[in-house]
Amino acid sequence: MNDRVILPTPPPILKNQQQEIRELFQRFVVPSYGRFNLALSHGAGSHVWDVSGKRYLDLGGGIAVCSLGHAHPEITEALVEQSRRLVHVSNLYYQEPQGRLAQRLVGHLAPGKVFFCNSGAEANEGLFKTARKFGHDEGRFEILTAVNSFHGRTLGGISATGQEKVKKGFEPMVEGFRHIPFNDLEAARAAISPATAAILIEGIQGEGGITPASAEYLLGLRKLCDEKRLLLLLDAVQCGHFRSGRFQSYQRVLEGVAGAEGFSVDGISMAKSLGGGFPIGAFWLRDQAHGVELGQILGPGTHGTTFGGTPLGCAVALRILDVIEREKLADNVRTTGDFLHAEISRLAEQYPGVVRGARGLGFMLGIELQPFDQIAGFKREETVSSLQMVNRLHEAGVLTIPSGTQIVRLLPALNLSRALAEEGIQIIEKVVRSVA
Ligand SMILES: *Cc1c(COP(=O)(O)O)cnc(C)c1O
């Protein structure tokens, strides 16, 4: 793997200003996030430093965003080179980087078209609008989504999300979304109404606790959608972009499965890893679906966004794809991901009082923990195992991401080396042992 040492730039703030930075947030930033007590200053590869100079191994990857780690020289180069030529032009004009990036993304999927936007929620909004347009003339508008799903924080996104906690206080929801149990084909069949136009699922549920869609579910949904003339839509904002070891998670899940030849979904939303930290989102639509030219369905004037597909964002995303391909990072995700998964399973065997098991695949992994009151070394006054574990891992020098109450997620950079994966597991094991 790319083990070249990148020297970090010195921290802009030299003394420990953790407290001062926190106070700025308390006074001036909308308090919509629960934040950990950590102020980060700079990073290099899979390491980040806080303002006091403490180093952390970053296994959270900015929630599956920093696909090449921090301060990657080729991302910097792409940013600098492109910004010397054009940062932004309106979508009233053509420009090469957007066309090239669309071509590269389509090349990993099936014949289709790509629309560029700025975030995952916005990419999903595009899929919702596509489904509405697709069903419109037949009076169909409804989109089925999964229980425990996550689709973003816009009004459409929280309406689509199958978790009450994101909706609470913001009702009424946008009409036309209903939730079905995930990985349950019969429930999907039973839920379809004459108004249903599409089914949207995550390839691997992320915020809901790292649950991959099974091969049978994917194939069954495809058949069901073909039978009922529905669009099969995939939210790949977290699980896409090689995080599974293939460009899309279904490509990995369906490997070698009988009857999966030629499988495709009809639309895919992307963001997170696509820009490696530069904000860019996209959705892909298949050229043809149920005899409709789906790739042409959003004609001139029907959809748009000012910043969508800027030359700068597209140049960065193109360079990231170059690095992923040149350094065979999909293979790294697969082998190093398998290693991490096996090690988490080993921890579950050795410390069953703390770790229940391993979840996920590739670099989208979950450490499933026991409930807080069953873990000997955990505090009884804090009722969430995942948060207690993430905090202890911070103390030990590793960044991870909680998911729900009992799962700690690992979403590292796609170029995380085997050596750093081993180091990460050693630190995790030390912490697990200390609370067993
Ligand atoms: C993060 C995420 C989103 C929302 O993306 P934003 O860029 O935060 O709007 C949507 N769907 C899934 C599966 C996600 O993980």
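Quick caveat, the model's predicted, so the values are computed rather than measured.

Turning to the sheet that holds strand S14 (residues 364-369), a few remarks are in order. If you walk across this open sheet you meet the four strands as S13-S14-S17-S16, and the pairing is antiparallel. Looking at the sheet topology across the chains shown, the edges are occupied by strand S13 (355-361) and strand S16 (401-403). Mean inter-strand twist for the sheet, computed between neighbouring axes without regard to direction, equals 30°. Sheet topology note: the S14/strand S17 (residues 407-410) ladder contains four bridges and is antiparallel. Residue Ile367 lies in a different strand from S17, and its bridge partner there is Val408. The sheet strands contacting helix H12 (residues 329-350) are S13, S14 and S17, and the helix crosses S13 at an angle near 165°.

Mapped onto the fold, Arg409 is located in strand S17. Residue classification places Arg409 among the buried positions, given a relative accessible area of 1%. Looking at Arg409, its side chain comes within polar contact range of the side chain of Glu207, at 2.9 Å. A polar side-chain atom of Arg409 sits 2.8 Å from a polar atom in the side chain of Gln238. In this view, Arg409 contacts Leu59, Ile63, Gly206, Glu207, Ile210, Gln238, Leu365, Gly366, Thr400, Ile401, Pro402 and Ser403; residues no more than four positions away in its chain are not counted.

Right, let's talk about the site of the ligand for a bit. Surrounding the ligand, one finds Ser119, Gly120, Ala121, Asn124, Phe150, His151, Gly152, Glu202, Asp235, Val237, Gln238 and Lys272. Gly120 places a main-chain nitrogen or oxygen 2.8 Å from an oxygen atom of the ligand. With respect to the ligand, the side chain of Lys272 contributes an N or O atom lying 2.7 Å from an oxygen atom. Burial of the ligand by the protein amounts to 81% of the accessible area it has alone, namely 380 Å². Of all the elements, helix H5 (residues 120-135) adds the most residues to the shell around the ligand, at three residues. By residue class, the composition of the shell around the ligand is three nonpolar, six polar and three charged.

Reading across the sheet, the four strands line up as S1-S2-S3-S15 and stay open at both edges, with mixed pairing between neighbours. Each edge of the sheet is formed by a strand with only one pairing partner; in this case those strands are strand S1 (40-44) and strand S15 (398-399). Direction of pairing for strand S2 (residues 47-50) relative to strand S3 (residues 55-58): antiparallel, over a ladder of three bridges. Among the inter-strand pairings, Trp49 is bridged to a residue of S3, identified as Arg55.

Relative to the elements of secondary structure, Ser159 occurs in helix H6 (residues 155-160). Beyond its immediate sequence surroundings of up to four residues, Ser159 is in contact with Lys167, Met173, Val174, Phe177 and His179.

This part takes up the domain arrangement of the protein chain. Under the domain assignment, the protein chain is made up of domain 1 (17-59 + 329-435) and domain 2 (73-326). Placing the centre of domain 1 and that of domain 2 at their C-alpha centroids yields a distance of 27 Å. The partner domain 2 presents 22 residues to the 20 residues of domain 1 that form the contact. Both sides of the domain 1 and domain 2 interface together cover about 1700 Å² of buried area, and 57% of this is carbon and sulfur. By the criterion of area lost to domain 2, the three top residues of domain 1 are Arg334, Leu361 and Met364, representing 38% of everything that side buries. Here domain 1 and domain 2 share three salt bridges between them.

Conventions we followed
Residues numbered from 1 in each chain as written. Predicted model: local features only at pLDDT ≥ 70, side-chain atom pairs only at ≥ 80, totals over all residues. Heavy atoms only, no water. Pairing = 2+ DSSP bridges. Helix = DSSP H or I, 4+ residues; strand = E, 2+ residues; numbered from the N terminus. Axes fitted to C-alpha atoms, helices over the stretch in contact; angles between N-to-C directions. Contact = heavy atoms within 4.5 Å. Buried < 20%, exposed > 50% of the residue type's maximum accessible area, 1.4 Å probe, protein only. Polar contact = N/O pair within 3.5 Å; in protein donor to acceptor, adjacent residues only side chain to side chain. Near = heavy atom within 4 Å. Areas by Shrake-Rupley, 256 points an atom, 1.4 Å probe, with all protein chains shown as cover. Nonpolar A, V, L, I, M, F, W, Y, C, P; charged D, E, K, R; others polar. Domains from an automatic or database assignment. Buried area = accessible area lost by both parts, 1.4 Å probe. Salt bridge = Lys/Arg side-chain N within 4 Å of Asp/Glu carboxyl O.

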